[in-house]
Amino acid sequence: MSHPTSRLIGFALATMFAASAQAAIFTVGSGTGCTHATIQAAVNAAAASPGADTVRITRSLSYESQAVVVNTDQDLNIVGGFATCTQSATDSTYTSVSGTNAKNIVFDLLAYSGATIKLRFLDVKYAMQYGIRFRGAGALEVIESTVERNKYSGIYADATNTPGARLTLSTGTLILQNGQLMGPNNTYSSGGGVSLWGPITFTMNAPQTMLGLNTATHGGGLYVGDGATAYIGSPGYGNLGALHGNTAGTLGGGAYVLGTLKLFSTDASKPVKVTENTSNFSAGGIYVRGSAARVCAWDFAIDGNHADFTGGAVGIDDGKALLNRDDDPTCTPYPGAVRCTAGEACSTLSRNSATHDNTYPSTGAIVSTGGGYFGARRLRMRNNTGHYAFFSTNGNVHLNHALIADNTIGDQLAVVEGSNTTNNGLTLLNSTIANNAISGSAQTLFSVEYYAALVWDVIDQPHQRALGTVPSILSADYLLVTNQLSALGPRTVVADPWFVDPTHGDYHLQGLSPAVDFAVSGADDTIDLDGKPRIVDLPGLHNTYGPRDLGAYELQSLPPSCAVADTVFCDAFESP
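None of these values were measured; they are calculated from a predicted model.

(A) Quick look at unusual backbone geometry. In this model, Glu 144 sits at a positive phi of 45 degrees, which is unusual for a non-glycine residue. Here Glu 144 is to be found in the loop between strand 10 (139-143) and strand 11 (146-148). Given a relative accessible area of 22%, Glu 144 falls into the partly exposed group. Positive phi, normally seen in glycine, also occurs at Gln 208, with a value near 55 degrees. Tracing the sequence through the fold places Gln 208 in the loop between strand 16 (200-204) and strand 17 (210-212).

(B) The packing of aromatic side chains, seen in detail. Inspection of the entire model under this criterion finds 15 aromatic pairs. Considering the side-chain rings of Tyr 223 and Tyr 256, the 5.4 Å spacing of their centres and the 25 degrees angle between planes classify their relative orientation as stacked. Of this pair, Tyr 223 sits in strand 19 (residues 222-224) while Tyr 256 sits in strand 23 (residues 255-257), placing them 33 residues apart in sequence. Residues Tyr 223 and Tyr 256 agree in their burial class; the two are buried. Cation over ring: Arg 491 sits above Tyr 545, and NZ or CZ is 6.0 Å from the ring centre. A cation over a ring is seen here: Arg 548 above Trp 456, with NZ or CZ 3.9 Å from the ring centre.

(C) The environment of Thr 160, seen in detail. By the secondary structure assignment, Thr 160 is in the loop between strand 12 (153-158) and strand 13 (165-169). Given the relative accessible area of 47%, Thr 160 is considered partly exposed. As for Thr 160 and Pro 199, which are separated by 39 residues in sequence, their C-alpha atoms are 6.4 Å apart. Beyond its immediate stretch of four places on either side in the chain, Thr 160 contacts Trp 197, Gly 198 and Pro 199. Polar side-chain contacts of Thr 160 include one of 2.4 Å to the side chain of Asp 158.

What counts as what
- Residues numbered from 1 in each chain as written.
- Predicted model: local features only at pLDDT ≥ 70, side-chain atom pairs only at ≥ 80, totals over all residues.
- Heavy atoms only, no water.
- Helix = DSSP H or I, 4+ residues; strand = E, 2+ residues; numbered from the N terminus.
- Buried < 20%, exposed > 50% of the residue type's maximum accessible area, 1.4 Å probe, protein only.
- Phe/Tyr/Trp six-rings, centres within 6.5 Å; stacked < 30°, edge-to-face > 60°.
- Lys NZ or Arg CZ within 6 Å of the ring centre and 35° of its normal.
- Contact = heavy atoms within 4.5 Å.
- Polar contact = N/O pair within 3.5 Å; in protein donor to acceptor, adjacent residues only side chain to side chain.

Purely spatial values, then, with no claim about function.
Pasting the structure below:
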């Protein structure tokens, strides 16, 4: 009779050997140790082998005119980075796998539910259509690889009939220079970098990862189709944004969104960036289309994007763009998101433009909406160029704790026109507007047909009044302006706001500013544009109506010279 301990050891060894037998490794190349001469043959062998398998692709062969088909219900790793078949560990030098401008798809992958395919240390390029096509209800992860110069899309992921599919771009993955503008016999192409269709979840959070320099008719960098959800928190590649330098022939240079796109920071020192993207028509940065479409962004930089017609930064058609907003049920923050600590570098719309041939199109706006909603909290909108900052038709623009400064505008800051509904209006709360160069003949900053709310704001534009024709419904209270309009109400002060250093772009309030300790407290928000407490009742200063400061910033303390008992000698030129 055998000892129980011997039986236990024997069972453990048998289990270990069985598991080892199921995890097979197949090597592709020529020479000693190679099991297969083609990638397809190795993939077929892996499909016939039970359990998770690995296909190693060496550089001992060249892989051109490749059209590799994978159809699997088990985990499969396809790994490059091996010089020979006897090399025990990858040397991280990518293995090139090419369609050689002859094959439609380099890797055509189908993963059933529960199966995960991983591609690593590969350079996938030169397909006539897609570098990678991914289908099924399983998962695809691309790691430390480049997908480049494929004619339609770098990665085309279609989960139209397979809910639960997942696509992940992990550390060091670059999707570069894919896509093209379609010819006259083709209506459009969508998603030059990554194209998502159906109920698929796309995640791109890892560092050194980017969709860059791709081209498509719609969504130069990324197309998020109806039912798809995209999470992007990557700090980007080096100093370049996660969505960088992409081009759309028509709509959405950086991204075209029919589903849901969430942007957030995963590195507290770097915002997630949508940068230097271009549209030959509208929405240089991001285009949002359809009543179910949502773009949710936290701690972002939408900077340096361009549209020839309108929507230099963001264009919305019936959908919603919600920036630093958690009050929409579809905009729950991503669990791995962190708050940005980079100060002025975070939550910016800057250096975007809506111009054509160095002129302003008649409706060229930095943010444009048609029946849509643009809502932002703690937004810095600076150094943009367009005919308008905001142009909305039958839409809604809602800003809270925004700084709108140093922009070059051809006509007015905001035009909101359309039918008589509270869904068609302009709301500006706790915001600072200053030093915008307005070159047109307009004498007013805002043209609003139906509904406007201006509360707790500083509006320092000496040559423009806030409003011309009074809208049908106006809520205006607790304001500091430098150009009076009687309709703004009795609790409006006409004065110099006394910014700290407007010449150098510092629009914080000085200690003797009439906007300090001016208004009653409100429950709308608890922190200012810097993320500091909103209500600070400074000792020794008279409250005009209450302890709340006007504008985007709350003065947190007085300089040392502003003694509680002797505020008359406060040096108003010191920084707070």
